[in-house]
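Summary of structural features
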Amino acid sequence: MSTGRDPGLQAERTRLAWRRTLLTVTVVTVLAVRLASAGDPVGALVAGIAVLLWGALLVLCWPRGTGTGSARTGGRTLPLVALGTVGLALLGVLLVLRGLG
């Protein structure tokens, strides 16, 4: 029985998870922009915020998803991605409430 660490496919699974995260955020952003494109200034503002959040998450996720980023980021990447995801969720709730009113 070996006591050494065998990462196996761990690195590939991690890259795929980051790619799925980025794909999901991209789809949510496209939907938010589509919902917000009603032609009013508030919709344009919400769409702009969604695109800015998407850009920030792209910068954070892309190096991890392609395997070019450092595996050691001091634990900053995941909280920032979570914060961006919560921001997109709040924008989605705002869009739904705005559409119901």
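The structure we're discussing is the one just above.
The structure reproduced in this document is the subject of the present report. Small disclaimer: the values here were computed from a predicted structure and weren't measured.

Conventions adopted
- Residues numbered from 1 in each chain as written.
- Predicted model: local features only at pLDDT ≥ 70, side-chain atom pairs only at ≥ 80, totals over all residues.
- Heavy atoms only, no water.
- Helix = DSSP H or I, 4+ residues; strand = E, 2+ residues; numbered from the N terminus.
- Buried < 20%, exposed > 50% of the residue type's maximum accessible area, 1.4 Å probe, protein only.
- Contact = heavy atoms within 4.5 Å.
- Areas by Shrake-Rupley, 256 points an atom, 1.4 Å probe, with all protein chains shown as cover.
- Expected span 1.5 Å × (residues − 1).
- Patch = residues over 30% accessible without salt bridge, like charges linked within 9 Å, V, L, I, M, F, W, Y side chains within 5 Å.
- Salt bridge = Lys/Arg side-chain N within 4 Å of Asp/Glu carboxyl O.
- Axes fitted to C-alpha atoms, helices over the stretch in contact; angles between N-to-C directions.
- Parallel < 35°, antiparallel > 145°, perpendicular 65-115°, else oblique.
- Nonpolar A, V, L, I, M, F, W, Y, C, P; charged D, E, K, R; others polar.

1. Let's talk about the overall build of the protein chain
- On a plain count of helices and strands, the protein chain comes out with 3 helices and 0 strands.
- Written out in order from the N terminus, the α and β elements of the protein chain read α-α-α.
- Residues counted as buried form 20% of the 101 residues belonging to the protein chain.
- In the protein chain, the proportion of contacts linking residues at least 24 apart, taken out of those at least 6 apart, comes to 71%.
- For the protein chain, the exposed surface amounts to about 7100 Å²; the carbon and sulfur share of it is 70%.

2. Some details on helix H1 (residues 10-36)
- For H1, with 27 residues, the first-to-last C-alpha span of 39 Å sits near the 39 Å given by 1.5 Å per residue.
- When H1 is considered as a whole, its buried residues turn out to be Trp18, Leu22, Val25, Thr29, Ala32 and Ala36.

3. Focus on a nonpolar patch on the surface
- A grouping of Leu23, Val27 and Leu31 is seen on the molecular surface, where their side chains present a nonpolar patch of about 270 Å² in accessible area.
- Topologically, Leu31 is positioned in helix H1.
- Judged by its relative accessible area of 44%, Leu31 is partly exposed.

4. Description of the environment of Leu22
- Residue position: Leu22 is located in helix H1.
- Under the relative-accessibility criterion, Leu22 is labelled buried at 11%.
- In this structure the C-alpha to C-alpha distance between Leu22 and Trp62, which are 40 residues apart in sequence, comes to 7.6 Å.
- Not counting the four nearest positions on each side in its chain, Leu22 is found in contact with Leu57, Leu58, Cys61 and Trp62.

5. Considering the packing of H1 against helix H2 (residues 41-66)
- Contact geometry of H1 with H2 gives a least axis separation of 9 Å together with a crossing angle of 170°. Compared by their axis directions, H1 and H2 come out roughly antiparallel.
- Its residues assigned to classes, the contact of H1 with H2 shows 16 nonpolar, 6 polar and 3 charged.

6. What to know about the environment of Val46
- Among the structural elements, Val46 can be located in helix H2.
- With relative accessibility at 4%, the residue Val46 sits in the buried group.
- C-alpha of Val46 to C-alpha of Leu94: the two residues are 48 residues apart in sequence and 8.7 Å apart in space.

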